[in-house]
Amino acid sequence: MPHPWRCLRPDWMGPWAAWSSIKWGGWCPCLWQEGWRFMILEISSNPGHSVILQSSAFLSLLPTKLFVSTPPAFLLWLLTVSSHLRLGQEAFSVHICSLSEPSFLLFPIPAACHCLPTWQVRACLAPLDKMQKMAELLKLVEEHEEGAPGAPLLTDSCLADNRLTLDVYPDGCCRLLQLFERQLAEVVQVELLRLSSNDHLLDAALIILPYLKRLKSLVLKGGHVRDEFGSCQHGSLTSLPPGIGTLRCLTHLDLSFNSLSTLPSCIPYLTSLRMLLVSHNNLVALPENFGSLSKLTFFSAMKNQLKRLPQSIGELAALEELDLSENVLEHLPEEVGNLHSCTELDLSGNQLSSIPDCLANLKSLRRLHLHSNLLVTVPASLASLPNLSRLDLQNNFLRAVPPEIQAAPFVHLRGNPLGEAELSLQADESSATELPRLFLASEEDSFTVTSEGCEVFLACGIRFYFPPEAASDPLRIYFRTLAPDPQWVKLRHHDVLLSKVLELQPHGVKFQQEVEIWMPYASPETLHEREVVVRTFSGQSWSDLRTRVEKSKKDVARCSVLHFSWFLVVSRLVQNECKVSTEGTLLFSSVDPNIKVTFPPGVTEETRSVKLQVLPVSAEEIAELTADAGCKASPLLCLSQDSLVDFLRPVRIQLPLPLGVTGLNLDWSRLHLLCGDVEGQTWDDITNEVMLELTHLCAVFEVTHFSWYWLWYTTKTYIGGIAKKVYERLRMYQVNFIALQRKKDPEQVLLQCLPKHKVDPVLKKLQDRYRGPEPSDMVEMFEGEQFFAAFERGISIDMDRPDCVDGRLSFIFYSHLKNMKEIYVTSPVDRKGQAVKGQVSFYRGAIPESIPEDASRRRRGPDSLWLATLPIKLPRLKPRWGETSTSLNGFSFPPLNLGNAETGYLTQANLLSIARRVGADWQTIGLNLGLTYQQIERIGYNNREDLDKQILDMLFSWAQQNSEDPNCVSKLITAMKESGRQDIADEVESIIELGRQKYRESIRRVGLEQESSTEDSAIAMT
């Protein structure tokens, strides 16, 4: 009598029997579990592929162990039953890795069961490498679980209302895999799932997603992890499983902050998708079938590398919001004009030189963002869009705009060369190659410009472009970079300095055509809702230039000028401005469109310029600064104008209500409108002096003069005093001081003042070469505030320095500059017998004029200037050099004066001081100075077993050979840099700078300095 299972075989194997690679293999005699028997299926496939079996059966089992039999060609999945058996489930899938020989599947069958329903089975082939990778990932999950026995057990609380928010957990993917195993019935019902793509088990989790058929919202975002510099790290996601395309219920998909270079091929098959976000990836193109997403209403692909758009984009008939900002688009297809439902289109930050007339077909369009492109023209038909309320054309190359566009109150044109004559030759790469190029070395400080024009590159990264005929006669240009001095570099509130000061001479010379300047600057990674501008000093005041930011290897600010003076780069609050005439106008904030100012007709008799700036303040900041979670505040609004006369009619201002407060639920007694003076010293509560009107999310009021305006929602009574303290704290930086000593040379000390979020990354960079105490406690400083470092308790600075005042090193704190100096210290204490335990203390300098009165008052008194103290230890040393500077163990050195009087000398004493720092690098330095290998070998042999003599012999041999060379000091600096000894190069430059200052002072004393130079210096110090 045949075995009952054999009899059943034709019935339940239906579709399998037609697939010849699956064969009945009988029962496994070696495995038995009470109530169960294991059926063997022999499965084979083509070499290099694997088999995926999917069944809709009443048995649902999950693979939990992977066994490799002998020989290794056989891979066996053992499906254990125990707690993993699920009855009455909808789906079951088994992934079987196969090589060139058959594999075996052990399948558990209830022993008491004599009949099985018909199984709906389908089989498909998949690449072997993917199956092997999946097996490795599943094994990794097991290791993760075994390695974390103390991890909390998952509870049903992870599943709430068919939502799984797992991106808040560092092991979110592991939790999903555990849930899928233990709570399968609940997981397959999930409608919203959030995972972090920074999770190392992401690939394992992706395998599960195609089985979540009810999924409506899927978020796989990166940016949950920060690197050592505090920047968000992109996720590891580069593709999606093809099975994602079968999720018919999916309406929302967020793949932002990942590493996608192409859009996953499964996405166009998500026919129900309504919202798609792929911002902050590396996409260079969209697929041609992208238009198949017919239900898409929102699409964001900002911050990618898109060069073109597919023609099918015009098929997105339901699309309402399209964000393609900060890509590299050069043109738009005509099909964009078919997006008739589009209400907001953002194309800012691309490389568009023109836009097609078809945009005039977008009758539903309300906001069109085209700022920061290369536009030289815009079609007049844009003015006919009936619903348009904002057209942003800022920072383009528009020299003329159609009158109907320029007259519209919702058009923003700041940052365009309107009305300026077009240059005959543009400073782009194609034209620049036709002009002479000058590459200057670090020691050069001047160059000559002729009528031919030229392009000049400085060693520090600054670049100039002089178009032909900019200078009619040959002109010698002098340049230098200066440390910013707060006495004359005046920063406004909330400004951040991003560069040193560039001085260009001769001052006042007018060029025939605009000269372009490119200035590199420190990238303001932590600054948001700001803009970068070049600021110039006219001799009387500072003003901002129209600036274009270019990003490549370094961030560069580009501007055009007709005169030379002083220049620097700053980050300021985004500034929106407009001209107000008797007809009135409307001014919006580009930071927060809910902030707007309405000027009615007759508001002024003469046209005046109005500027608007917004400082966003987060709810977390307000809660932290006030120590009251109930305090809430709106963004801070600053309004200014170029007229001292108040407006003739009230100006209507709209401010958003504080976050979480609406016009329907607020308590009027807790709402306060504050008005601050220009310096933010006084904040008056004017709630009862104006007529406040509330909408659902905004407050509207009218004023006749401009100032700072701030909405607060709190139970506090004296809100003006609280706002004053909060405003003061918003301008402060929390900083730490570090004092590190070089491991190879403890006499070299690095001092630096850092914002607290930069301390750990900087220390990590320096830990291989430096050591020292822990950073100081946190203190607070203002941008541009002066402080000093003083060495105490037996330690002093080893040499004269131009930045040394009364024995103390002078610093100026700028949050985005280095605020770092390396100096050499010494001690009068005899270190032959003992180490010297000293310290370095940091003190505040003069109180800046811009510091609020309360903060200034707190900084007076004998101990109020002290900031921090850190220990410095000079180890016990044997004497290396004699006390006299003319001999060392028989060595004698002739007097030396390297350089010249104008640039400063390097003397014999200076060379001896430098020799102390050289150490084992002396041979490399000697070769870079131009000494031959034979000379180096002879010096080493003649002074064998005495490193000090080798260094001195090398250094003074070179000095004697080059004593007549006027450029020998520059060669010494270059050789030190090429040898990796920037510290010695900096020391030499400090000596030379001190010599230059002394030379200029001596010339000034005898009255030989040119009159123009005297005037320039006087202007600079006013």
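The rules behind these values
- Residues numbered from 1 in each chain as written.
- Predicted model: local features only at pLDDT ≥ 70, side-chain atom pairs only at ≥ 80, totals over all residues.
- Heavy atoms only, no water.
- Helix = DSSP H or I, 4+ residues; strand = E, 2+ residues; numbered from the N terminus.
- Buried < 20%, exposed > 50% of the residue type's maximum accessible area, 1.4 Å probe, protein only.
- Contact = heavy atoms within 4.5 Å.
- Areas by Shrake-Rupley, 256 points an atom, 1.4 Å probe, with all protein chains shown as cover.
- Salt bridge = Lys/Arg side-chain N within 4 Å of Asp/Glu carboxyl O.
- Pairing = 2+ DSSP bridges.
- Axes fitted to C-alpha atoms, helices over the stretch in contact; angles between N-to-C directions.
- Parallel < 35°, antiparallel > 145°, perpendicular 65-115°, else oblique.
- Left-handed = near helix turned anticlockwise from the far one by under 90°.
- Nonpolar A, V, L, I, M, F, W, Y, C, P; charged D, E, K, R; others polar.
- Core = buried A, V, L, I, M, F, W, Y, C linked by side-chain atoms within 4.5 Å.
- Phe/Tyr/Trp six-rings, centres within 6.5 Å; stacked < 30°, edge-to-face > 60°.
- Lys NZ or Arg CZ within 6 Å of the ring centre and 35° of its normal.
- Polar contact = N/O pair within 3.5 Å; in protein donor to acceptor, adjacent residues only side chain to side chain.

Chemist: Please clarify how the overall build of the chain should be interpreted in this entry.
Modeler: Scanning the chain for helices and strands turns up 19 helices and 61 strands. Out of the 1022 residues belonging to the chain, those deemed buried represent 50%. Contacts spanning at least 24 positions in sequence make up 62% of the contacts within the chain whose residues lie at least 6 apart. Summed over its atoms, the accessible surface of the chain is roughly 48400 Å², and 51% of this surface lies on carbon and sulfur atoms.

Chemist: So what exactly am I meant to see when it comes to the environment of Gln233 here?
Modeler: Inspection of the secondary structure puts Gln233 in the loop between strand E13 (217-221) and strand E14 (252-254). What makes Gln233 partly exposed here is its relative accessible area of 34%. It is 7.8 Å that separates the C-alpha atoms of Gln233 and Asn198, two residues lying 35 residues apart in sequence.

Chemist: How do you make sense of the pattern of salt bridges when you look at a structure like this?
Modeler: Side-chain pairs of opposite charge can arise whenever the charged atoms involved come near each other. For the coordinates displayed, the defined rule picks out 26 salt bridges. Arg572 is the partner of Glu531 in a salt bridge, and the nearest nitrogen-oxygen pair spans 2.9 Å. You can see Glu531 sitting in strand E30 (residues 530-537) and its partner Arg572 sitting in strand E34 (residues 566-573), a full 41 residues away along the chain. Given a relative accessible area of 5%, Arg572 falls into the buried group. As a salt-bridge pair, Lys716 and Asp628 come within 3.9 Å of each other at their nearest N and O atoms. Remark: Asp628 occurs in the loop between helix H9 (619-626) and strand E39 (632-633) and Lys716 occurs in the loop between strand E46 (708-713) and helix H10 (719-730); sequence separation between them is 88 residues. Residues participating in the shared-partner salt-bridge network are Arg414, Arg492, Asp495, Glu531, Arg535, Asp544 and Arg572.

Chemist: Is there a simple way to explain the sheet that holds strand E32 (residues 548-551) in this structure?
Modeler: Within a sheet, each strand pairs with its neighbour through backbone hydrogen bonds, oriented either parallel or antiparallel. The strand order E22-E24-E25-E29-E33-E32 describes an open sheet built from six strands, whose pairing is mixed. Every interior strand has two partners, whereas the edge strands, strand E22 (437-439) and E32, have only one. Direction aside, neighbouring strands of the sheet carry axes that sit 20 degrees apart on average. Inspection of the sheet shows E22 paired to strand E24 (residues 454-457) by three bridges, in the parallel sense. Paired with Arg437 across the two strands is Glu455, which belongs to E24.

Chemist: Looking at this model, I keep getting lost on the packing of H9 against H10. Mind explaining?
Modeler: Axis angle and axis distance: for two packed helices, these are the angle between their axes and the distance between the axes, and together they describe the pair. Where H9 meets H10, the closest approach of the two axes is 10 Å, and the angle between their N-to-C directions is 115 degrees. When the axis of H9 is compared with that of H10, the two are roughly perpendicular. In terms of crossing hand, the pair formed by H9 and H10 is right-handed. In contact with Glu621, Ile622, Leu625 and Thr626 of H9, H10 contributes Ile722, Val726, Arg729 and Leu730. When the residues that make up the contact of H9 with H10 are grouped by side-chain class, the tally is five nonpolar, one polar and two charged.

Chemist: Would you mind showing me how to read the nonpolar core here?
Modeler: If you look at the biggest cluster of nonpolar residues, it comprises 81 residues, and the most contacted ones within it are Leu193, Leu220, Ile267, Leu276, Phe299, Leu391 and Leu393. Ignoring anything within four residues of it in the chain, the contact list for Phe299 reads Leu276, Val278, Leu286, Phe290, Leu319, Glu321, Leu322, Asp323 and Leu324. Residues Val449, Val561, Phe564 and Val569 belong to the second largest nonpolar core, which totals 58 residues.

Chemist: What am I meant to see in helix H4 (residues 172-182) here?
Modeler: Quick reminder: α-helices carry 3.6 residues per turn. Residues three or four places apart thus point the same way. The element H4 is extensively covered by neighbouring structure, given that nine of its eleven residues are classed as buried. For H4, the full list of buried residues reads Gly172, Cys173, Cys174, Arg175, Leu176, Leu177, Gln178, Leu179 and Phe180.

Chemist: Is there a simple way to think about the packing of helix H13 (residues 908-918) against helix H16 (residues 947-961) in this case?
Modeler: Running from N to C, H13 and H16 point in directions that differ by 140 degrees, and their axes come no closer than 10 Å. Here H13 is positioned oblique relative to H16, judged by the angle of their axes. The crossing of H13 and H16 is right-handed. Across the interface between the two elements, Gln908, Leu911, Leu912, Ile914, Ala915 and Val918 of H13 pack against Ile951, Leu952, Leu955, Phe956 and Ala959 of H16. Residues belonging to the contact of H13 with H16 are distributed by class as follows: ten nonpolar, one polar and no charged.

Chemist: Can you walk me through helix H17 (residues 968-978) in this structure?
Modeler: Cys968, Val969, Ser970, Leu972, Ile973, Ala975 and Met976 are the residues of H17 that are buried. Once H17 finishes, Gly980 follows within two positions and takes phi at roughly 80 degrees, a positive value.

Chemist: I'm lost on unusual backbone geometry in this one. Help?
Modeler: The phi torsion of most residues other than glycine is negative, and most of the peptide bonds are trans. A cis amide bond, omega 5 degrees, links Gln505 with the succeeding residue Pro506. Assignment of secondary structure puts Pro506 in the loop between strand E28 (501-505) and strand E29 (515-520). The residue Asn395 is not glycine, and still its phi comes out positive at about 55 degrees. Note that Asn395 resides in the loop between strand E20 (390-392) and helix H7 (403-406).

Chemist: Explanation requested: the environment of Leu502 in the structure shown.
Modeler: Tracing the backbone shows Leu502 in strand E28. The exposure class assigned to Leu502 is buried, which follows from its relative accessible area of 0%.

Chemist: Explanation requested: the packing of aromatic side chains in the structure shown.
Modeler: What characterises a pair of aromatic rings is the spacing of the ring centres plus the angle enclosed by the ring planes. For the structure shown, the criterion picks out 24 aromatic pairs. Both rings, one in Phe447 and one in Phe466, keep their centres 5.9 Å apart while their planes meet at 65 degrees; by these two values the pair is edge-to-face. Here Phe447 is found in strand E23 (residues 446-449), whereas its partner Phe466 is found in strand E25 (residues 463-466), with 19 residues between them in sequence. The burial state of Phe447 is the same as that of Phe466; both residues are buried. Lying over the aromatic face of Tyr169, Arg175 brings its terminal NZ or CZ to 4.0 Å of the ring centre.

Chemist: Quick question: what am I supposed to make of the pairing of strand E45 (residues 698-703) here?
Modeler: On a regular strand, each side chain points to the face opposite its neighbour's, so the side chains alternate between the two faces of the sheet. Where burial is concerned, most of E45 is hidden: five out of the six residues are buried. When strand E41 (residues 651-656) meets E45, the two strands line up antiparallel, connected through six bridges. In the sheet register, Leu655 faces E45, and the bridge partner there is Ala699. Pairing analysis gives two bridges linking strand E44 (residues 693-694) to E45, with the strands arranged antiparallel. Along E45, the bridge assignment pairs Glu693 with Val700. Here E44 hands over to E45 after three residues, the two strands then running antiparallel side by side.

Chemist: Looking at this structure, how should I read the sheet that holds strand E53 (residues 804-805)?
Modeler: Within the open sheet, the five strands sit side by side as E53-E54-E51-E56-E57. Their pairing is antiparallel. Two strands bound the open sheet, and with one partner strand each, they are E53 and strand E57 (866-874). Inspection of the sheet shows strand E51 (residues 785-792) paired to strand E54 (residues 808-813) by five bridges, in the antiparallel sense. By the bridge assignment for E54, Phe787 is matched with Phe811.

Chemist: I tried to follow the pairing of E46 on my own but got confused; where do I start?
Modeler: Within E46, six of the six residues are buried, which leaves the element mostly enclosed by the surrounding structure. Residue alternation in E46 divides its side chains into two sets, Trp708, Trp710 and Trp712 and Tyr709, Leu711 and Tyr713, and both sets are buried. Two strands pair when backbone bridges link them, and E39 and E46 are joined in this way by two bridges, in the antiparallel orientation. Looking across to E46, one finds that Lys632 is bridged to Tyr713. Pairing analysis gives two bridges linking strand E40 (residues 636-641) to E46, with the strands arranged antiparallel. Across the sheet, Cys638 pairs through a bridge with Trp708, a residue of E46. Sheet topology note: the strand E42 (residues 671-676)/E46 ladder contains six bridges and is antiparallel. Bridged to Cys675 within E46 is Tyr709.

Chemist: For this particular structure, what's the right way to read the side chain of Ser589?
Modeler: Tracing the chain through its elements places Ser589 in the loop between strand E36 (585-588) and strand E37 (596-599). A polar contact is formed between the side chain of Ser589 and the backbone nitrogen of Val591, at a distance of 3.1 Å. If near-sequence neighbours (up to four positions away) are discounted, Ser589 is found in contact with Asn576, Ile595, Leu612 and Val614.

Functional significance is not addressed by these values, which are geometric in nature.
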